[in-house]
Structures are given as C-alpha cells and as structure tokens.
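Below, each chain spelled out in residue letters.
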Amino acid sequence: MAAPPDMELSSSLSLELLPTDPLLLILSFLDYRDLVSCCYLNRRLNQLSSHDPLWKRHCKKYWLISEEEKSRRNQSWRAIFISTYSDLGRYIHYYATLKKAWDDLEQYLGQWCPRMISSLKESVREEDLDAVEAQIRCKLPDDYRCSFRIHNGQKLVVPGLMGSMALSNHYRSEDLLDIDTAAGGFQQRLGLKQCLPLTFCIHTGLSQYMALESVEGRNKYEIFYQCPEQMARNPSTIVMFITGTSYLEWFTSYVNKVVTGGYPIIRDQIFRYVHDKDSVATTEDITVSVSTSFLPELSSVHPPHYFFTYRIRIEMSKDALPENACQLESRYWRITNAKGDVEEVQGPGVVGEFPVISPGKVYEYTSCTTFTTTSGYMEGYYTFHCLYNKDRFFNVTIPRFHMVCPTFKVSTA
C-alpha cells in the first residue's frame, strides 16, 4: 500500500535534515547490493552511496584489491568495484577465496619450489570458458571457472602442481590441467559419463575427475580417482575414491595443506604425505615420526587391496652427547588390520640399509604396505647398537600410525 503524499514528503525532509556522518556510518554496514539499491531511493542517498571510502571495504573483501593496486590503477574504489564486477561478477562468492589460495600458493612455491612457478599458465577469458561449455555440451561449475580466470592450470611438466609420490619402482606427479586439455579429456564413455579430468600424470596416465552431472552413482561436482573393478563382469564399472565434494573445497584444502607445511617438499617437489602429530615417539635422544599416504592407482576394492606408503624420519637430538652415536641394527613391526588380524615382521636394517645416527643427524626412508581391509595400523621398534660401546643394544619405539582408505563408492554403470 502506497504511503500518503504528506508522509513521503515528511520522510524525505527528515532524511535530508540528518547529518552526513551518521548516515555514512550506517551505509558502511551495508553489503554492495544494498549500497547499490540506495542509489535509486532518492538524491541524498544516491550522493551518499557514491562516497568513495564506502567501496573500499567491498573492493578488499570481494576482489582483494590492495592500496598499492588502487594507486597503480589510478581509479576510485567505486570505479574499481564496478569495473571488476562487470568482468567477474558471477564469481563474487568464490573469487576472494580462490584468489587468496592462488596467491598463497605462488608465494610458497616461490620460496620452496621456484621452478614450478614457470609452469603456471595465465588466466583465460570468459569467452574461452563459454567455448569449452559449448564444445562438451555441459555446464562448468562457477568455482571451477573462477579458478581459470586466475590461472589456466599449468603446462604438462614434471613436477606437477598437485603433488608427487615416489617409490622404488613407481612414480606419480599430477599436473593441474589447463582448460583446453581438460576439455579434450572430457568423458562420455560408460563408467565415466560426463566426467571432466582435473589432473593428469604423464607417468601413470592417472587423473582426478570431476562429475559434471549426477549420473552413474556420482554426485554432481564430486571429485574422484577412478579405479576399475577388477572382478566386475562389466569392465566399465568404476570404483570412485572420493577426493572432494566441490572444486572450491578440493583446491583450497589442498593449497592449505601445502602452504601450512602439511605436505613435505622433497627434491623441489610437493609430496602428498600426511603427518599425524600423534605419530611421534622419543626414546632417549632419538625421535621417530611417521607420515603416510594412500595410493589409489595401486589399490582396488574388488579384490580388496589397499596400498599405502609411509615415510619415517629418525632424528637424534643436536644436544645429545657425541658418544651416543649409534647404528640401526634391525626392525620389528606389528601390523594390525581393521579385522584385528595381526602380522609380525622382524628383519635386519631398513630398506637394505643400516643408517648411523649421531647428534643433530636425520635419516629418512620410505616403504609401503598393503591391507585387505580399508584401514589398519603399524607400530614397532628399531634396535640400535652404540658405536662407542658395541656391547650396548637398545630399542627405539616406532609410534603407532594409522592408514585409512578415503571414502569410495561403486559406479552404477
């Protein structure tokens, strides 16, 4: 119901009489949509809503525009917000999160993996993404598109941005695919219908896929590793090891792991070992810590064969006395699967070596194990002998560490 003319006039007059500073303070709490709406209410609010400092918060919140960039662009905050919105407005709920993730990742790589920086590709245009949608006849999620407006993945090089894994006879390094390569690998075959590859390893042919539609038992935008069911009558039946529920969650959680040191940097590569802070034990001057990783490309659900690798770090305190130097003699493992079945293993050295540990020194090695259950744990001890007292032997605890297969489900193909 419309207000009487005299009431409108009264409201208008009262607004005109209000001092500017309190009104600007009120407007500073509004979101950008409401601030724009105020421009159309009356002349006074139009003038106040155009007050440039009001747009500074929105430029920083949604577009991560710094004072330095504003000076470089030589525009007002309001003009910057409007011009950026005209280009990236559809991504306003994703851009800041993804831009920060990319910026953090680049800063980290610049310090620890500088050669990987040169593999990153420049952003793509909106029309390039539209062309890919037309090519594959499927819509791309906005968070995925937004990421490509910042960086168009990377070149097909080694090491890959999305992490590496190396064993004595196996190597994996995943590249983040650019949009054209991803579109070229778009799947319509049974078992991977309407799935788009996000990553690719040139050594194994392995990819992580994103489902663009809810078909064959997958959820829309779910991200997964494929694993053919070896015992299925239909060879197109695919088991999915789930790695993310959306592109935003998948990419930002990975970057957070990298930049917070959750994944170690080894030989200028990101290795996807996960360290549990509880998997640390100290015996006398020696500390043993363990990190683990699941390898989907060497695992299967049918038959049940879950492959894990673990990385062990053995370190003697730098404050230890020189006469405490010692050499690893043997190892003992107690391995327990999810059913409670126990296997015990004992043998000389580790991976064919008998490392010497002295104050401040570190020895690291990798090994692997498999389970017929989706989880299990290992624990045990190393036996050392002292170098300066060869008659003295002592055991060093290996902390219990758990290995758990990621969530998986079977395709309905």
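Everything quoted here is computed from the prediction, not taken from an experiment.

1. Here we look at helix H5 (residues 53–63)
(1) Moving on: Turning to H5, its buried residues number three or more, namely Leu54, Trp55, His58, Cys59, Tyr62 and Trp63. Buried positions in H5, seen along its axis, are confined to an arc of 125 degrees and lie on one side of it.
(2) Moving on: Packed against the buried residues of H5 are helix H2 (20–27), helix H3 (32–38), helix H4 (43–49), helix H7 (77–88) and helix H8 (95–112).

2. Quick look at the packing of H5 against H7
(1) Moving on: Taken N-terminus to C-terminus, the directions of H5 and H7 make an angle of 35 degrees; their axes are 8 Å apart at the nearest point. Regarding H5 and H7, the two cross each other, and that crossing is left-handed. Along its contact with H5, which presents Trp55, Lys56, His58, Cys59, Lys60, Tyr62 and Trp63, the element H7 presents Trp77, Arg78, Ile80, Phe81, Thr84, Tyr85 and Leu88.
(2) Moving on: Each residue belonging to the contact of H5 with H7 can be placed in one class, and the counts come to nine nonpolar, two polar and three charged.

3. Describing the sheet that holds strand S4 (residues 195–197)
(1) Moving on: One open sheet accounts for five strands, arranged S4-S6-S7-S8-S20; its pairing is antiparallel. A single partner strand is all that each edge strand has here, and the edge strands are S4 and strand S20 (408–410). Sheet twist, expressed as the average angle between the axes of neighbouring strands with direction ignored, equals 40 degrees.
(2) Moving on: Where strand S6 (residues 208–211) and strand S7 (residues 223–228) come together, three bridges link them in antiparallel fashion. Within the sheet, the bridge partner assigned to Met210 lies in S7 and is Ile223.

Thresholds applied
- Residues numbered from 1 in each chain as written.
- Predicted model: local features only at pLDDT ≥ 70, side-chain atom pairs only at ≥ 80, totals over all residues.
- Heavy atoms only, no water.
- Buried < 20%, exposed > 50% of the residue type's maximum accessible area, 1.4 Å probe, protein only.
- Helix = DSSP H or I, 4+ residues; strand = E, 2+ residues; numbered from the N terminus.
- Arc of directions from axis to C-beta.
- Contact = heavy atoms within 4.5 Å.
- Axes fitted to C-alpha atoms, helices over the stretch in contact; angles between N-to-C directions.
- Left-handed = near helix turned anticlockwise from the far one by under 90°.
- Nonpolar A, V, L, I, M, F, W, Y, C, P; charged D, E, K, R; others polar.
- Pairing = 2+ DSSP bridges.

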